[in-house]
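Examination of the molecular architecture
So the chains spell out like this:
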Amino acid sequence: MKRVGKPWFFVVALLIFALAFTSFFGVYEQNGDLQTTVIRGAKDIRWGTDIQGGVNVIFGPEAKIDATDAQIDSAKSILEIRLVSSGVTDYELYADKDNDRLLVSFPWKDNDSQNVSGTIKSLSQSAELLFIGGAPTSIHIEYNEDGTKTVTNQDGEPVDIVIEGKDVKSAVSGAIGEKNEIGVNLELTTTVAEGETQTGAEKFAAGTEKYINQQISIWMDEECISAPRVNSVIADGKAQITGSFDAASAKDLADKINAGALPFKLVTIDYSSVDPTLGSDALAAMLLAGIIAFSLICVFMIVYYRLPGFVACICLLGQVAGTIAAVSGYFAAFDSFTLTLPGIAGIILSVGMGVDANIITAERIREELRKGKTLDGAIKAGSANSFSAIFDSNITNIIVSVILMGVFGPPDTVWSTLLYPFLWMFGPSTTGAIYSFGYTLLVGVILNFIMGVAASRIMISSLSGFKILRSRTLYGDYSEKKKAELEAARTKEAALN
Amino acid sequence: MVKSYVDRKEFKFLENRKKFLLVALCVICLGVIFNLFCGVKLDIKFTGGAMLKYSYSLDKSVSASDVSASDYMKLDKAKVAAVVKDVTSLDSAITLAQSATSEGGVKNTVTVSMSGKKTITEDAGEQVAAKLTEQFPKVNFSLLESNSVDATTGSEFFGKCLVAVILAAFFMIVYVALRFKKIGGMSAGVTAIIAIIHDCLIVYFTFVIFGFSIDDNFIAVLLTIIGYSINSTIIIYDRIRENRTVMGPKASYAELANRSLNETLGRTINTNLTLLAAVLTIVIVAYVYDIRSIITFAVPMMAGVIAGAYSSMFISNALWVTWREYRDDKLAQKKAQSFVSGKKSK
């Protein structure tokens, strides 16, 4: 390795400062009143529910029911619709088809009234949608062991179910027919569902024939939401419900019918909620601790290791900035990553590893100098000899982080697929918190090679080209005074022997 | 020609290795005894169960001059437990706590831990709050945290954590064994793992001694310490690998290890000092703000860093030297024996 050219120190340092500035403060384009994000800053970081406050819930079908994969899928899509329609966009939602579970986590919106039970209920609000021939005053639904259900009316007599939620393809509210009447357009399935003999459209055709000029009542769970009269036989699977609707009530009915396509009742298996104030205290504390710790480390490194220590501080800044960029997504086009409290711990850990890499190199350079190598020779040998130690220790941390990401991450990622042979017996967990730890650690280790190894070496080598920076003591060699002392001690020892 | 000024003063790590190993063993024994007497708490995240946490404050209608204001804020634990029993029909343990807020005020919290591994409904938190306000009319309650974990998901999570730790240890042994073939891969891998087990035990005992419940923070600390400890051990093994070439095959294992330990001593001390300073800062700040989730992370982490430094200096190498010497002795004995028997047969 030849000594790196003088300008390289400035190139690398400037790049690191630019990265640090943009990743901390972001870059935004102001276009009139409209602000568009070009590069995400630290304030655009998506905080986990443990910091921002929020809700984690695991839903599942009622204990007796073994849901099919397709049913879990449709339950998932319904939950998605409900989350988005209630204004939650940064949710995380995973389906665990092996264990029939749906894992949801989302942060509280700003100034949201933290109504935990209301939020959870409105999500899982179930959704046993039935179209029943006639209009009983009340119904009672009972679930049987085999997943089927018995529905009885107020007198305990079984009712005639025309179609169920799963027979409905979609319901859309809007203007209907030539008169532009407000109502709901109902579309029924035209394919035969698993375990069925008829399509939704066929069943509805038979039902409307049977109940022509009578009512078919629509029930959500045990509540009647509408009871329209059948005016004609509907054979093509496309029905319209009209009556005294306004836009809002039509939409409400359509939403309810859509939600009713959820093929079973969802119950809450686990849940946890965190108030936003609890987490923001933790965040402030972590930030304060981080700044103090970073300053302490910088002072120590510069005092003890001098020039390599100064370079180490720039590299550490780069490492922190790089991790923040990796978490926020940096460029607006990239996905951002949820940062949790353990995730912050992962950043601290990887910065610790970064300090270590710099210490190892600096120690090695100092050692080579004291052995009597020339400055250039010592820098060269120190860099080369310290690499294997840094490499091996960082690889072991990659092992840890990949395992953490595989074990505690969402399903369907590369990591969890890699580890599937070891984890097939477990379902995914909602502990995105530890996943975040693995992610920041992995990013930190990679950055360690970029910042702690590559950048630091380029900068030290480049700086050693400046005449005023060629004093050996700047790199940790003994001062002339100390050398004389050592020399004196040695001669004394030799004389004694 | 520049002269070499390398200091050849060496700390004798290996000469006293039995003493150092004994110290580690004593600490572990103490931990085991402590564990037997105090037991360990598993968090509801692992066992299943439920927890509610409220912050409470004096109602605004109470004027500051009201002499009985402080009396209103005194919550009777039995009354709170009765309210919880009324709503959830579960017995519970009540903890009251005070902490400073970032705005400089005081925050009062009440934590309700349900006994048994039962879950509660999602509206239990609000119902309990409403009933509490009936009982203590001058106090406002707001739900800070609620947790309800099903026993099966809890034990599954616990299983996953164990698998994660075992997998990590396994892959590390394999990696170390492959990379350090030159100094006896298997002995290096296994002794590194023994050092790690030591550190993990220390972390575990810290949880026991401080009464922290074993939760996902425990797993995070454990994995961090595993990473750090193996890092320290590897850096020394790396030097042993290098010095084997420098010092030649004649150098004894103890000489080799001692030289390597001394040459890396600067790194070992400085890295661990900076690390300790960083973690100590976190502990102090978290303590001032009273943030449990960070305290239960940072305090065991500090213990783990110290344990990791100790084990990489005094345990892994000591065991490695003992292992290698024992093996060489065995080999020498075998050789000697075969030589003797060879003579006889002639």
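Residues numbered from 1 in each chain as written. Chains lettered and ligands numbered in written order. Predicted model: local features only at pLDDT ≥ 70, side-chain atom pairs only at ≥ 80, totals over all residues.

Examining the overall build of chain B
When its secondary structure is counted, chain B shows eleven helices and four strands. By the compact-globule yardstick of 20 Å for 346 residues, chain B is too spread out, its C-alpha radius of gyration being 28 Å. With 346 residues in all, chain B has 43% of them scored as buried. In chain B, 77% of the contacts between residues at least 6 apart in sequence involve partners at least 24 apart. (Helix = DSSP H or I, 4+ residues; strand = E, 2+ residues; numbered from the N terminus. Rg over C-alpha atoms; globule rule 2.2 N^0.38 Å. Buried ≥ 20, exposed ≤ 12 C-beta atoms within 10 Å, placed from the backbone. Contact = placed C-beta atoms within 7 Å.)

Some details on the overall build of chain A
The helix and strand tally for chain A stands at 13 helices and 17 strands. Looking at chain A as a whole, 48% of its 497 residues are labelled buried. For chain A, restricting intrachain contacts to residue pairs at least 6 apart in sequence, the fraction spanning at least 24 positions comes to 74%.

Some words on the interface of chain A and chain B
Contacts between the two partners involve 68 residues from chain A and, on the opposite side, 62 residues from chain B. When residues of the side of chain A that touches chain B are traced back to their parent elements, those giving at least two are α4 (116-124), β16 (266-274), α7 (276-328), α8 (341-370), α9 (375-408), α11 (420-423), α12 (432-463) and α13 (480-496) of chain A. For the side of chain A that touches chain B, the element with the most residues is α7(A), which contributes 14 residues. A per-class count over the side of chain A that touches chain B returns 42 nonpolar, 15 polar and eleven charged. (Nonpolar A, V, L, I, M, F, W, Y, C, P; charged D, E, K, R; others polar.)

Topic: the domain arrangement of chain B
By a widespread convention, an interface's size corresponds to the accessible area lost as its parts come together. One can read the domain layout of chain B as domain 1 (17-43 + 153-333) and domain 2 (49-149). The centre of domain 1 of chain B, based on its C-alpha atoms, is set 42 Å off from the matching centre of domain 2 of chain B. (Domains from an automatic or database assignment.)

Some details on helix α1 (residues 17-38) of chain B
Residues and elements named next belong to chain B. End to end, α1 covers 32 Å across 22 residues, agreeing with the expected 32 Å (1.5 Å per residue, within 8%). Counting buried residues along α1, only one of its 22 residues qualify, which leaves the element largely exposed. Backbone geometry just after α1 places G39 at a positive phi near 75°. (Expected span 1.5 Å × (residues − 1).)

Details of unusual backbone geometry
Residue and element names in this part refer to chain A. Positive phi is not limited to glycine here, since R306 has a value of about 55°. Within the secondary structure layout, R306 lies in helix α7. Here R306 falls in the partly exposed class, since 17 other C-beta atoms lie within 10 Å of it.

Comments concerning the sheet that holds strand β10 (residues 161-164) of chain A
Residues and elements named next belong to chain A. Spatially, four strands are ordered β10-β7-β13-β14 in an open sheet, and the strand pairing comes out antiparallel. Sheet topology places β10 and β14 (223-226) at the edges, where each strand pairs with a single neighbour. Taking each pair of neighbouring strands and ignoring which way they run, the sheet shows an average axis angle of 35°. Bridging between strand β7 (residues 129-133) and strand β13 (residues 216-220) involves five bridges; their strand directions are antiparallel. Looking at β13, one finds that I132 is bridged to S217. (Pairing = 2+ DSSP bridges. Axes fitted to C-alpha atoms, helices over the stretch in contact; angles between N-to-C directions.)

Let's talk about the sheet that holds strand β15 (residues 238-242) of chain A
Residues and elements named next belong to chain A. Strand order in the open sheet formed by three strands is β11-β12-β15, with antiparallel pairing between adjacent strands. What marks the edges here is a single partner per strand, and that holds for β11 (168-176) and β15. For this sheet, the mean inter-axis angle between neighbouring strands, taken without regard to orientation, is 25°. One ladder, built from eight bridges, connects β11 with strand β12 (residues 181-188); its direction is antiparallel. Among the inter-strand pairings, A171 is bridged to a residue of β12, identified as L186.

Structural notes on the packing of helix α8 (residues 216-247) of chain B against helix α9 (residues 253-263) of chain B
All names here are of chain B. At a minimum axis separation of 9 Å, α8 and α9 run at an interaxial angle of 120°. Comparing the axis directions of α8 and α9 gives the class oblique. Relative to α9, α8 is oriented so that their crossing is right-handed. Touching I236, R239, I240, N243, R244 and M247 of α8 are L256, A257, R259, S260, L261 and E263, all from α9. Of the residues that constitute the contact of α8 with α9, the class distribution is six nonpolar, two polar and four charged. (Parallel < 35°, antiparallel > 145°, perpendicular 65-115°, else oblique. Left-handed = near helix turned anticlockwise from the far one by under 90°.)

Focus: the environment of B:F180
Residue and element names in this part refer to chain B. With respect to the element layout, F180 can be found in the loop between α6 (151-179) and α7 (185-210). Judged by C-beta crowding, with 22 C-beta atoms within 10 Å, F180 ranks as buried. For the pair F180 and I240, spaced 60 residues apart in sequence, the C-alpha separation works out to 9.6 Å. Apart from residues no more than four positions distant in its own chain, F180 is found in contact with G185, A188, Y237 and R241.

Looking at the environment of B:R267
Within the secondary structure, B:R267 sits in helix α10 (residues 265-289). Judged by the 23 C-beta atoms lying within 10 Å of it, B:R267 is buried. A C-alpha to C-alpha distance of 9.2 Å links B:R267 and B:I235, two positions 32 residues apart in sequence. Filtering out sequence-adjacent residues up to four positions away, B:R267 remains in contact with A:I359, A:I360, A:E363 and B:I235.

Considerations on the nonpolar core
A:L404, B:A168 and B:I294 are the most contacted members of the largest nonpolar core, which totals 147 residues. With 22 residues, α7(A) is the single largest residue contributor to this core. Residues within four places of A:L404 in sequence aside, it is in contact with A:I434, A:Y435, A:F437, A:G438, B:A164 and B:L223. Within the second largest apolar cluster, 28 residues are counted, among which are A:L130, A:I132, A:A171 and A:F204. (Core = buried A, V, L, I, M, F, W, Y, C linked by C-beta atoms within 7 Å.)

Re the confidence of the model for chain B
Residues shown with low pLDDT carry predicted positions that ought not to be read at fine detail. Per-residue confidence for chain B gives a mean pLDDT of 83; residues scoring 70 or more make up 92%. Here the predicted complex scores 0.75 on pTM and 0.79 on ipTM. (pLDDT = per-residue confidence, 0-100.)

Brief notes about the packing of α9(A) against α8(B)
Look at α9(A) against α8(B): their axes get within 8 Å of each other, and the N-to-C directions meet at 160°. The angle between the axes of α9(A) and α8(B) places the two elements in the roughly antiparallel class. For the element pair α9(A) and α8(B), the recorded crossing hand is right-handed. Taken together, the residues of α8(B) that come into contact with α9(A) (itself represented by A:S388, A:A389, A:D392, A:S393, A:T396, A:N397, A:V400 and A:L404) are B:L223, B:I226, B:G227, B:I230, B:N231, B:I234, B:I235 and B:D238. The residue makeup of the contact of α9(A) with α8(B), split by class, is eight nonpolar, six polar and two charged.

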